[in-house]
Amino acid sequence: MKIPFNVLDRQFFKYQDEYEKKAIEVLRSGWYVLGKEVSEFEKEFAEYTESKYAIGVDNGLNALVLTFRALEIGDGDEVLVQGNTYIASVMGISMNGATPVFIEPDQHYNMDIDRIEEKINSKTKAILVTHLYGQASNMDKIVDLCKKYDLYLVEDCAQSHGANFNSKRTGSFGIGCFSFYPSKNLGCFGDGGAITTSDEKIAQRLKTLRNYGSEKRYHNEVVGYNSRLDEIQAGLLRVKLSHLDELTNEREDIANKYLDSIDNPKIKLPKLLEKATNVWHLFVVEVEDRENFQKYMNEMEIGTVIHYPIPPHLSEAYKYLGYKKGDFPITEKYAETIISLPLYIGMTDEEIEYVIKAVNSY
Ligand SMILES: *Cc1c(COP(=O)(O)O)cnc(C)c1O
């Protein structure tokens, strides 16, 4: 049996009629960018994420870039971010001229709450938490630290649509930055993103920034961007959002089968955090001899991917920050041992069983 790492067409076929009906409706409407579908989606997504406002944008990276710009965080400022996040989180900070300051992750791959305070100084303006792989970060202390030091809280929710901490949605603790890239839990059929906030002023600023700095057409208040969400994507996102809980349950079922049945001392399974939910964007395990394991999985025709092999501080892009190997040992250790197993919508019981058997026979 051949099992790719990810399969995206099955989640389309699952609700094919609804998607096709919506796409045709938008095509025939004569209105294609920032219209009724976008504003309806924004209302529905704000409600889903328990925020007052959602602002649709063109992708997850620009959700972050616009957010730090709206907060006026730039040259000379520092933002704390976990060292093992996807590099786009870091780019959202540095593209505004601010400096990313890395924090080591905890055993759940999220920001280690006991290593934050030591990195806060007078230049620190915000904490950016990524709810990595779909599990909500440990938020209580982070929220407290933001209050104590008067810092903005920004959440990279590109992998955590619908995940909760303390029964509260990720993206509602601070300003939430979402991606709707096709492979994300709430993926569209192209690029898309959104920002959630309950602060009216910030919401207003973001709406202006995404559209050349103008709220009213041809009245440009600031130099802005073109970071708009289009109508087709918003329409299709509305369809998917109406099924998101169902889709999340399906991911959870697969993850639970893996957790219950993978039993191999060489494979370290993901740990669940008390009070947090996990929407299983990725199912990440740790394997000491990863290269060998990946080779074996390839031979079994099972696709695996490493999220992510090079941590941002060791990437070519961030060479200028002057870090070297050994500076963030926990981050680096994860980069050397983690590997993601296939987990996708429409995965059959047979496929799940095949992966479990293969992993257990390694
Ligand atoms: C996907 C992703 C992004 C970037 O989103 P795009 O829509 O691809 O620009 C940012 N942060 C994290 C954690 C991601 O997984």
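Use the structure listed above.
A brief look at the structure comes next. (Residues numbered from 1 in each chain as written. Predicted model: local features only at pLDDT ≥ 70, side-chain atom pairs only at ≥ 80, totals over all residues. Heavy atoms only, no water.)

**Some points on the environment of Met297**
Condition: Strands are runs of DSSP state E lasting at least two residues, helices are runs of H or I lasting at least four, and both sets are numbered from the N terminus onward. Buried means the residue's accessible area, taken with a 1.4 Å probe over protein chains only, is under 20% of the maximum for its type, while exposed means over 50%, and partly exposed covers the values in between. It only takes one pair of heavy atoms within 4.5 Å for two residues to be counted as in contact.
With respect to the element layout, Met297 can be found in helix α10 (residues 290-299). On the accessibility criterion, Met297 (0% relative accessible area) is buried. For the pair Met297 and Asp75, spaced 222 residues apart in sequence, the C-alpha to C-alpha distance is 46 Å. Beyond its immediate stretch of four places on either side in the chain, Met297 contacts Ile302, Thr304, Leu341 and Val359.

**Points about the packing of helix α9 (residues 244-261) against helix α12 (residues 349-360)**
Helix-helix packing is characterised by the crossing angle of the two axes and by the distance between the axes. Put simply, the test is: For helices, the fitted axis covers only the stretch in contact; all axes are lines through C-alpha atoms, and the angles between them, taken along N-to-C directions, range from 0 to 180 degrees. Each angle gets one of four labels, with under 35 degrees taken as roughly parallel, over 145 as roughly antiparallel, 65 to 115 as roughly perpendicular, and the rest as oblique. Less than a right angle of anticlockwise turn of the near helix away from the far helix marks a crossing as left-handed, whereas a clockwise turn marks it as right-handed.
At a minimum axis separation of 10 Å, α9 and α12 run at an interaxial angle of 30°. In terms of orientation, α9 and α12 fall into the roughly parallel class. Considering how the two elements wind past one another, α9 and α12 form a crossing that is right-handed. Between α9 and α12, the residues in contact are Ile254, Lys257, Tyr258 and Ser261 and Asp349, Ile352, Val355, Ile356 and Asn360, respectively.

**Details of the sheet that holds strand β9 (residues 193-197)**
Using the following cut-off: A pair of strands is labelled paired if DSSP reports no fewer than 2 bridges between them.
Pairing is mixed in the open sheet, where seven strands are placed in the order β1-β9-β8-β5-β4-β2-β3. Of all the strands in the sheet, the pair left with one neighbour each is β1 (53-57) and β3 (99-103). On average, each strand axis in the sheet is inclined to that of its neighbour by 25°, with strand direction left out of account. Two elements, strand β2 (residues 78-82) and β3, share five bridges in a ladder whose sense is parallel. Its bridge partner lying in β3, Glu78 is registered against Thr99. The sheet contacts of helix α3 (residues 36-48) involve β1, β8 (175-179) and β9, and relative to β1 the element is tilted by about 130°. The sheet contacts of helix α7 (residues 200-209) involve β1, β8 and β9, and relative to β1 the element is tilted by about 15°.

**Looking at the pattern of salt bridges**
For clarity, the threshold we go by: Salt-bridge detection follows one rule: a side-chain nitrogen of Lys or Arg within 4 Å of a carboxyl oxygen of Asp or Glu.
If you walk through the whole model with that rule in mind, you get 22 salt bridges. Two residues, Glu25 and Lys22, come together in a salt bridge whose shortest N-O distance is 3.5 Å. With Glu25 and Lys22 both in helix α2 (residues 16-29), this residue pair falls three residues apart, about one helical turn. Judged by relative accessible area, which is 37%, Glu25 ranks as partly exposed. A salt bridge links Lys36 to Glu25; the nearest nitrogen and oxygen atoms lie 3.9 Å apart. In this pair, Lys36 is assigned in helix α3 and Glu25 in helix α2, connecting sequence segments 11 residues apart. Among the ionic contacts, a cluster of salt bridges with common partners joins Lys22, Glu25, Lys36, Glu37, Glu44 and Arg238.

**A short note on the packing of aromatic side chains**
Formally: Each Phe, Tyr or Trp ring (for Trp, its six-membered ring) is paired with any other whose centre lies within 6.5 Å, and the angle between the two planes then decides the class: stacked below 30 degrees, edge-to-face above 60, tilted in between.
In total, this model carries 20 aromatic pairs according to the counting rule given. Seen in terms of ring centroids, Phe102 and Tyr323 are 5.7 Å apart; in terms of plane orientation they differ by 65°. Their pairing is edge-to-face. Of this pair, Phe102 sits in strand β3 while Tyr323 sits in the loop between α10 and α11 (329-337); the two residues are 221 residues apart in sequence, bridging distant segments of the chain. For Phe102, a relative accessible area of 0% corresponds to the buried category. The exposure class assigned to Tyr323 is partly exposed, which follows from its relative accessible area of 29%. Both rings, one in Tyr109 and one in Tyr334, keep their centres 4.8 Å apart while their planes meet at 70°; by these two values the pair is edge-to-face. With a gap of 225 residues between them, Tyr109 in the loop between β3 and β4 (124-130) and Tyr334 in helix α11 connect regions that are remote in the sequence. Accessibility assignment for this pair places Tyr109 and Tyr334 in one class, buried. Members of the aromatic cluster, each reached through a chain of ring pairs, are Phe12, Phe13, Tyr15, Tyr19 and Phe189.

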